[in-house]
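Descriptive structure summary
If you want the building blocks of each chain, they are given just below.
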Amino acid sequence: MFLRAVYAGPGGLCRPTLLARTLPLVSFVYKSTVAQQLGIPEPPKRPVTPYLNFMMQSQAEIQKKYPELSYRERIYKITQIWKNLGDNEKNKWLLEYKKQKEEYSIKYNNYIQNLSSEQIQNIEDLKKEKSAKTKKRKCTKAAKIERKEPDIDISKPKSPGNAFTLYIRTLNRGNTKLKEFMSDAASKWVRMSDDEKHVFQEEAKKLQEQYNCELAYWEEKMRMIGRDDLIHNHQQLVQLKASAIQNNSTMKEKGNLIATQADTD
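Nothing here was measured: the structure is a model prediction, and the numbers come from that model.

Here we look at the overall build of the protein chain
The number of helices and strands found in the protein chain is nine helices and two strands. Reading the secondary structure of the protein chain in the N-to-C direction produces β-β-α-α-α-α-α-α-α-α-α. Counting across all 265 residues of the protein chain, residues that qualify as buried make up 23%. Across the protein chain, the fraction of contacts at a sequence separation of at least 24, relative to all contacts at a separation of at least 6, is 61%. Carbon and sulfur atoms provide 54% of the accessible area of the protein chain, an area that totals close to 19,900 Å².

The following block contains the structure:
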């Protein structure tokens, strides 16, 4: 059954609940590796990424500290801890990863040198065959979802906006033109006291936490149904918005600098 993320209040976690829709049971079949199929020694294992390494090593500590959390909730909490780590702390994990990667490269080169040219070619051929089968399986899965399971909701949760956005929603625009309405709202917002703004800022913070929780669940559900393309499109949109905000900020700074120089002159 699908899980649904339920927000547990400010600072809370996504607590999954069961949705009514039941999915077919998945049977797990043992899959032999490339080396096992070719009857050759196993290659050295690639090092995991800094985040995965951090997650695996943090599992036991988080489980001991928060025994009431489910596995999914623990993963979500570890993800939030990782996001809030400082650059110096993250660099420790990155340096460890680079070290392991260098060691892996040496071991893998030694491994390849002990194989015959025929074995190396067989490895490449088998990898290409597996890759082609995986792509075909994903395409088939996506086609089945489009054809047989149109009732699965793929819509992305909407961002709640910031404190100013929430304030605007409390105003009555009436017949006022949008440009005038926004300008008037901005003027009123600037003149508001910190206590008045605080109400909207706290509400915006709460809604943003809930949105982050729902977004994490949405991304997981899209991976489950083979719609990684939607996640990729969302990430690109976030990057474009961040770039636009940065450009606007830069333009404002340049405008302020020019205005200051003009006043000086």
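After that view, the rundown keeps rolling.
Looking at the packing of aromatic side chains
All chains considered together, the criterion is met by ten aromatic pairs. Summarising the aromatic geometry, the rings of Phe54 and Trp82 are spaced 5.2 Å apart at their centres and angled 45° between planes, so their arrangement reads as tilted. Taken as a pair, Phe54 in helix H2 (residues 50-65) and Trp82 in helix H3 (residues 71-83) lie far apart in primary sequence, 28 residues in all. Seen from their ring centres, Tyr167 and Trp189 are 5.5 Å apart, and the 45° between their planes marks the pair as tilted. Taken together, the residues Tyr167 in helix H6 (residues 163-168) and Trp189 in helix H7 (residues 178-191) connect sequence positions 22 residues apart. A single burial state applies to Tyr167 and to Trp189, both of which are buried. Here the aromatic residues Tyr51, Phe54, Trp82 and Trp93 are joined through ring pairs into a cluster of three or more. Stacked on the ring of Tyr66, the Lys or Arg Lys77 has its end atom at 4.6 Å from the ring centre.

Considering the pattern of salt bridges
A complete count under the given rule lists two salt bridges for this structure. The residue Lys92 makes a salt bridge to Glu89 at a minimum N-O spacing of 3.6 Å. In this pair, Lys92 and Glu89 both sit in helix H4 (residues 87-113), three residues apart, roughly one turn of the helix. For Lys188, the salt bridge goes to Asp184, with nearest N and O atoms at 3.3 Å. In this pair, Lys188 and Asp184 both sit in helix H7, four residues apart, roughly one turn of the helix. Note on Asp184: relative accessible area 38%, which makes it partly exposed.

Re H2
In this model H2 runs 22 Å from its N-terminal to its C-terminal C-alpha over 16 residues, within 8% of the 22 Å that 1.5 Å per residue would give. Its maximal kink placed at Ser58, H2 deviates by approximately 40°. If you check which residues of H2 are buried, you get Pro50, Asn53, Phe54, Met55, Ser58, Gln59 and Ile62.

Considering the nonpolar core
Counting eleven residues, the largest nonpolar core is built from Ala163, Phe164, Leu166, Tyr167, Ile168, Phe181, Ala185, Trp189, Met192, Phe200 and Ala204. Contributions of two or more residues to this core are made by H6, H7 and helix H8 (194-224). Ranked by residues supplied to this core, first place goes to H6 with five residues. In contact with Ala204, other than residues within four places in its own chain, are Gly161, Asn162, Ala163 and Leu166.

What counts and how
- Residues numbered from 1 in each chain as written.
- Predicted model: local features only at pLDDT ≥ 70, side-chain atom pairs only at ≥ 80, totals over all residues.
- Heavy atoms only, no water.
- Helix = DSSP H or I, 4+ residues; strand = E, 2+ residues; numbered from the N terminus.
- Buried < 20%, exposed > 50% of the residue type's maximum accessible area, 1.4 Å probe, protein only.
- Contact = heavy atoms within 4.5 Å.
- Areas by Shrake-Rupley, 256 points an atom, 1.4 Å probe, with all protein chains shown as cover.
- Phe/Tyr/Trp six-rings, centres within 6.5 Å; stacked < 30°, edge-to-face > 60°.
- Lys NZ or Arg CZ within 6 Å of the ring centre and 35° of its normal.
- Salt bridge = Lys/Arg side-chain N within 4 Å of Asp/Glu carboxyl O.
- Expected span 1.5 Å × (residues − 1).
- Bend = angle between axes of the 7 residues up to and from the residue.
- Core = buried A, V, L, I, M, F, W, Y, C linked by side-chain atoms within 4.5 Å.

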